[in-house]
Amino acid sequence: MNLLSIVSTINSVLWGGPMLFLLSGTHLYFTIHLKFIQRKAGLAIRLSLEADSDHSGNASVFSTLATTLAATLGTGNIVGVSTAIALGGPGALFWCWITGIFGMATTYAECYLGIKYRRKLADGSYCGGPMYALEDGLGFKKTARFFAFCAVLTAFFMGCQTQSHSVADAAAHFGVPNWLTGILLSTLVGLAIIGGACSIQKICTYIVPGIAAFYLFGCLILFILNIHFLPAALELIITSAFCPKAAISGFTGMTVQKALRYGISRGLFTNEAGLGSAAIAAAASSSTDFKKQALVSMSATFWDTVVMCAVTGIVIVCTVIKDPLTVTDLSYSEWTNAAFSQIPYIGSPMLQLSLIAFGAATLIGWSFFGEKAAEYLWGNSRQNLYRFFYLLMIFFGTVASLDTVWECADFINLCMTLPNLIALFLLRKEIKA
């Protein structure tokens, strides 16, 4: 048995049940511990619009939110939701949505600790995240370094190669070869990240709202085109989440177990609540109010899963109910493309452009997370070396086997999540609603 087979076996065992249970339990625990902090979602959204950056180079609360969204609003919101519905049925979307709601509490908790234990650097900027909470809050320096090292590897795999591969697939629809996409994408991201953390945050602040609005506009058109099928789609999503269904409307083999499995797993992977990455962005904020910044960061999970994933899923379910033959003989990842193809002439190109834009934004956002983790491990001396390897991994991602990349990404996510959950539970009494 080779190394990849061993990693694949570990992933299938742990991500097939134990980790989903652990993360779901964490979301539920902090929802109760923080007295359903999700009720403050409206306040969180209002606070995120405040441009309160200071003169020390720190980011505004909106910039930290945009950076987090740049990293999480990736192709998983489109391709991942499509796969979840195809494998788990419409009920998977309901459980994905529920996971996002409860995951908001975990995001709040980890961002609160990330800000509380952040450090102020010589240039006046802040640097924080689970590695600082582990070291300064618990004295677990070796565990903190392990988390930071895993965060760098996660940036290279999940944050980098998976996204660049998806961008290459989307660009192939326009006849662009993968190797050329790799060169162009590496160059584009390189220009974006060469200015460091401040440059990344500014770019994310400008591009993320535009990308999201462009994609949501396409979904709005589809809602209008399929308005008569919307009530039936919503009913099917809710009922199939709790009751097994026979084959209906293009969906086959729907069971509650499958809906739970694929809905929860996709929700957890998409919003990254529990991974600790959002805390790294939150710690860079100019805000000195722990609760305020944690609330703003919490809203990223809301936008990512409760809004974007839900909209994508409803569009797909409406399409399949309208014409089940639409998705016949298509791969699971192409169901979203089948939905957008209903928009005459521009539908499919619109989706591919969205995939490219989301993928590129994620590459920029995750470069920030990886850079901050590298800074914790090695200081500022090796930032350029980190950026060089990050850009190199972008190119490799466009030409590498996606199965291999995902297996490595899943395993490293596992290694990154566990130290973060340790910090959350051991420091839970310090987290205030």
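Above this text is the structure in question.
Definitions and limits used
- Residues numbered from 1 in each chain as written.
- Predicted model: local features only at pLDDT ≥ 70, side-chain atom pairs only at ≥ 80, totals over all residues.
- Heavy atoms only, no water.
- Helix = DSSP H or I, 4+ residues; strand = E, 2+ residues; numbered from the N terminus.
- Rg over C-alpha atoms; globule rule 2.2 N^0.38 Å.
- Buried < 20%, exposed > 50% of the residue type's maximum accessible area, 1.4 Å probe, protein only.
- Contact = heavy atoms within 4.5 Å.
- Areas by Shrake-Rupley, 256 points an atom, 1.4 Å probe, with all protein chains shown as cover.
- Lys, Arg positive; Asp, Glu negative; His and termini not counted.
- Charge placed at Lys NZ, Arg CZ, Asp CG, Glu CD.
- Phe/Tyr/Trp six-rings, centres within 6.5 Å; stacked < 30°, edge-to-face > 60°.
- Lys NZ or Arg CZ within 6 Å of the ring centre and 35° of its normal.
- Expected span 1.5 Å × (residues − 1).
- Bend = angle between axes of the 7 residues up to and from the residue.
- Salt bridge = Lys/Arg side-chain N within 4 Å of Asp/Glu carboxyl O.

1. With respect to the overall build of the protein chain
Then, in step 1: Looking only at helices and strands, the protein chain features 18 helices and two strands.
Then, in step 2: On C-alpha atoms alone, the protein chain measures out to a radius of gyration of 20 Å, which is about the 22 Å that the 2.2 N^0.38 rule sets for 433 residues.
Then, in step 3: Counting all 433 residues of the protein chain, 56% fall into the buried class.
Then, in step 4: Counted over contacts in the protein chain with a minimum sequence separation of 6, partners at least 24 positions apart contribute 84%.
Then, in step 5: For the protein chain, the exposed area adds up to about 17100 Å²; of that, 68% sits on carbon and sulfur atoms.
Then, in step 6: Taking the 25 positively charged and 21 negatively charged side chains of the protein chain as two groups, their mean positions are separated by 10 Å.

2. Notes on the packing of aromatic side chains
Then, in step 1: Counted by the stated rule, this structure contains 19 aromatic pairs.
Then, in step 2: With 5.0 Å between their ring centres and 80° between their planes, Tyr132 and Tyr376 make a pair best called edge-to-face. With Tyr132 in helix α7 (residues 130-138) and Tyr376 in helix α16 (residues 347-378), this residue pair connects regions lying 244 residues apart in the sequence.
Then, in step 3: Through a chain of ring-to-ring contacts, the aromatic side chains of Tyr29, Phe30 and Phe425 assemble into a single cluster.
Then, in step 4: Cation over ring: Arg118 sits above Tyr126, and NZ or CZ is 3.7 Å from the ring centre.

3. Looking at helix α14 (residues 290-322)
Then, in step 1: Over its 33 residues, α14 extends 47 Å from the first C-alpha to the last, a length consistent with the 48 Å expected when each residue adds 1.5 Å.
Then, in step 2: Of all the bends in α14, the greatest, near 30°, is centred on Phe302.
Then, in step 3: Counting buried positions over the 33 residues of α14 gives 28, a clear majority of the element.

4. Comments concerning the environment of Gly128
Then, in step 1: Position of Gly128 relative to the elements: it lies in the loop between β2 (126-127) and α7.
Then, in step 2: Given a relative accessible area of 2%, Gly128 falls into the buried group.
Then, in step 3: When the C-alpha positions of Gly128 and Ala284 are compared, they lie 6.9 Å apart, and in sequence the two are 156 residues distant.
Then, in step 4: Apart from residues lying up to four places away in sequence, Gly128 is in contact with Gly114, Arg118, Ala279, Ile280 and Ala283.

5. What about the pattern of salt bridges?
Working definition: two side chains of opposite charge can pair if their charged atoms are close together.
Then, in step 1: This structure, assessed with the given rule, holds five salt bridges.
Then, in step 2: For Arg119, the salt bridge goes to Glu135, with nearest N and O atoms at 3.3 Å. In this pair, Arg119 sits in strand β1 (residues 119-120) while Glu135 sits in helix α7, placing the two residues 16 residues apart along the sequence.
Then, in step 3: Two residues, Lys372 and Glu375, come together in a salt bridge whose shortest N-O distance is 3.7 Å.

6. Considering the environment of Gly129
Then, in step 1: As for its position among the elements, Gly129 is in the loop between β2 and α7.
Then, in step 2: Taking the relative accessible area as the measure of exposure, Gly129 reaches 0% and is therefore buried.
Then, in step 3: With ten residues separating them in the primary sequence, Gly129 and Arg119 have C-alpha atoms 9.6 Å apart.
Then, in step 4: What Gly129 contacts, discounting residues up to four positions off in sequence, is Gly114, Ala279, Ile280 and Ala283.

7. Let's talk about the side chain of Gln161
Then, in step 1: By the element assignment, Gln161 lies in helix α8 (residues 141-172).
Then, in step 2: Looking at Gln161, the relative accessible area reads 6%, which means it is buried.
Then, in step 3: Apart from the residues within four sequence positions on either side, Gln161 is in contact with Phe156, Met393, Phe396, Gly397, Ala400 and Val405.

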